[in-house]
Amino acid sequence: VMGPDLNHWVPTIIDTIIKIMTVWFATYIQSCISAFYSGLRGGRIIAESIFNIMTERGWMDKLPDFLTAKPFDPDQSYLDEAIQYPIAAFGFYYQITHGFALEFPWN
């Protein structure tokens, strides 16, 4: 395809293209890892906030004993994880489907 005077560039071009594709792939994988961690962290923050508001308003005391121990300790309960993980899954899904970018007002 290339003339004999340009044949010596073929290995360099192939090597450079492979390196560019590898860097692009690594960047995409890192974006997926960051999106997953951000989803988990966001879910945890929202779940903690919900339970802090519920505790301040006295709603946690009205829940049955089989759901929460009195006083409520998020480290001893799975109730906060039941809220955290679905929110984290939605956040991860949202980031993947929107190309790891924010929409108009926040971009």
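Scroll up to find the structure this text is about.
Predicted model only: the values in this text are computed from it and were never measured.

**A look at helix 1 (residues 10–56)**
Item 1. With 47 residues, helix 1 ought to run about 69 Å at 1.5 Å a step, and its terminal C-alpha atoms sit 69 Å apart, in line with that.
Item 2. Looking only at helix 1, the buried set comprises Cys32, Ala35, Gly39, Gly43, Ala47, Phe51 and Met54.
Item 3. Lining the buried residues of helix 1 we find helix 2 (59–62) and helix 3 (79–97).
Item 4. Following helix 1 by one or two positions, Gly58 has its phi on the positive side, about 80°.

**So, the packing of aromatic side chains**
Item 1. With the rule as written, the count across this model stands at four aromatic pairs.
Item 2. Between the aromatic rings of Trp24 and Tyr28, the centroid separation amounts to 6.2 Å while the plane-to-plane angle is 15°, which identifies the pairing as stacked. In this pair, Trp24 and Tyr28 both sit in helix 1, four residues apart, roughly one turn of the helix.
Item 3. The exposure class of Trp24 is exposed, given its relative accessible area of 60%.
Item 4. Between Phe90 and Tyr94, the ring centres sit 6.2 Å apart and the planes meet at 40°, which makes this aromatic pair tilted. With a gap of four residues between them, Phe90 and Tyr94 both fall in helix 3, about one helical turn apart.
Item 5. According to the relative accessible area criterion, Phe90 is exposed, its value standing at 54%.
Item 6. Taking the relative accessible area as the measure of exposure, Tyr94 reaches 30% and is therefore partly exposed.

Cut-offs and rules
Each chain carries its own residue numbering, running from 1 in the written order of its sequence. Under the rules for a predicted model, residues below a pLDDT of 70 receive no local features and side-chain atom pairs below 80 are neither given nor counted, while totals for whole chains, interfaces and linings still include all residues. Here the side-chain values reflect all heavy atoms present in the structure, with hydrogen atoms and water set aside. The helix and strand labels rest on DSSP assignments: H or I over at least four residues marks a helix, E over at least two residues marks a strand, and numbering proceeds from the N terminus. Given a helix with a known number of residues, its expected span is that number minus one, times 1.5 Å. Only protein chains enter the accessibility calculation, which uses a 1.4 Å probe; a residue whose area is less than 20% of its type maximum is buried, one above 50% is exposed, and one in between is partly exposed. The criterion used for residue contact is that any of the two residues' heavy atoms lie within 4.5 Å. Note on aromatic contacts: the rings of Phe and Tyr and the six-membered ring of Trp form a pair at centre separations within 6.5 Å, being stacked when their planes are under 30 degrees apart, edge-to-face when over 60 apart, and tilted otherwise.

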